[in-house]
Amino acid sequence: LYGQADWRPKPGTTIAAGLRVEERDADYRDSDGLGFRPRDRMWGGELTATQRLSANQRVWATLARGFRAGGFNIGTSVPADRQQFEPEYLWSLEAGWKARDGSGSRSADVNLFYVRREQQQVATSLQVDPDDPLTFLFLTDNAASGVAWGIESTAAIQATARVTVDS
């Protein structure tokens, strides 16, 4: 289920809000007797405010929550406590500025971001037999959390009708 609404409280200002609710059901059975029936009910969404500064410039900020369904690792060597993993949730906060000149031949943008992942799904390995280093098993598991933050920017100049220089 997904819905989005946009509001324009004054000229040049837009506020957008979206909400997504999803339920994922999986049913797995194999000939080794392994079976799973995970059910994940997840929600995410976003709230974005955009302000037009001029005909060619705007600033924006977004708070969003995303998700990735949980799942399971199959195989007879996977320990019982590592066979299933939980959904992952991602919170992000972003703000930025975009501009382009009147002719459209030059543009630039800057984006600041902070991302926090909860129950982060990670690809990991496990040595099944402690005495045999060749018995590695690769699986998906949950880490407690993960954080990323930074700044991104781009600039472009249309040097000729056929050549654009990007950075």
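Predicted model only: the values in this text are computed from it and were never measured.

Concerning the overall build of the protein chain
Secondary structure assignment for the protein chain yields zero helices and 14 strands. If you list the helices and strands of the protein chain from N to C, you get β-β-β-β-β-β-β-β-β-β-β-β-β-β. For 167 residues, the compact-globule estimate of 2.2 N^0.38 gives 15 Å, and the protein chain exceeds it by more than 25% at 23 Å. Counting only C-alpha atoms and orienting by the principal axes, one finds that the protein chain spans roughly 65 × 35 × 30 Å. Evaluated residue by residue, the protein chain yields a buried proportion of 26% over its 167 residues. Sequence-distant contacts in the protein chain: of pairs separated by 6 or more residues, those separated by 24 or more amount to 53%.

Here's the deal with the packing of aromatic side chains
If you walk through the whole model with that rule in mind, you get four aromatic pairs. A ring pair is formed by Trp-43 and Trp-91, whose centres lie 6.2 Å apart and whose planes are at 80°; its orientation type is edge-to-face. In this pair, Trp-43 is assigned in strand E5 (residues 39–54) and Trp-91 in strand E9 (residues 88–100), connecting sequence segments 48 residues apart. We note Arg-65 situated over the ring of Trp-43; from NZ or CZ to the ring centre the distance is 4.1 Å.

Things to note about the pairing of strand E6 (residues 57–68)
Sheet topology places E5 next to E6; nine bridges connect them, and they run antiparallel. Bridge pairing in E6 links Ser-54 to Gln-57. The antiparallel hairpin formed by E5 and E6 contains two residues in its connecting segment. Two strands pair when backbone bridges link them, and E6 and E9 are joined in this way by twelve bridges, in the antiparallel orientation. Counterpart to Leu-63 in the pairing with E9 is Leu-93.

Section: the sheet that holds strand E2 (residues 13–25)
As summarised here, the arrangement of the eight strands in space is E1-E2-E5-E6-E9-E10-E13-E14, forming an open sheet in which the pairing is antiparallel. Among the strands making up the open sheet, the edge pair consists of strand E1 (2–10) and strand E14 (164–166). Across the sheet, the axes of successive neighbouring strands diverge by a mean angle of 15°, strand direction being ignored. The pairing of strand E13 (residues 145–158) with E14 spans three bridges and is antiparallel. Bridged to Gln-158 within E14 is Thr-164.

As for the environment of Ala-155
Looking at the secondary structure, you find Ala-155 in strand E13. Judged by its relative accessible area of 32%, Ala-155 falls in the partly exposed class. Considering only alpha carbons, one finds Ala-155 and Asp-109, 46 residues apart in sequence, at a separation of 6.6 Å. Apart from residues no more than four positions distant in its own chain, Ala-155 is found in contact with Ser-107, Ala-108, Val-165, Asp-166 and Ser-167.

Thresholds applied
Residues numbered from 1 in each chain as written. Predicted model: local features only at pLDDT ≥ 70, side-chain atom pairs only at ≥ 80, totals over all residues. Heavy atoms only, no water. Helix = DSSP H or I, 4+ residues; strand = E, 2+ residues; numbered from the N terminus. Rg over C-alpha atoms; globule rule 2.2 N^0.38 Å. Buried < 20%, exposed > 50% of the residue type's maximum accessible area, 1.4 Å probe, protein only. Contact = heavy atoms within 4.5 Å. Phe/Tyr/Trp six-rings, centres within 6.5 Å; stacked < 30°, edge-to-face > 60°. Lys NZ or Arg CZ within 6 Å of the ring centre and 35° of its normal. Pairing = 2+ DSSP bridges. Axes fitted to C-alpha atoms, helices over the stretch in contact; angles between N-to-C directions.

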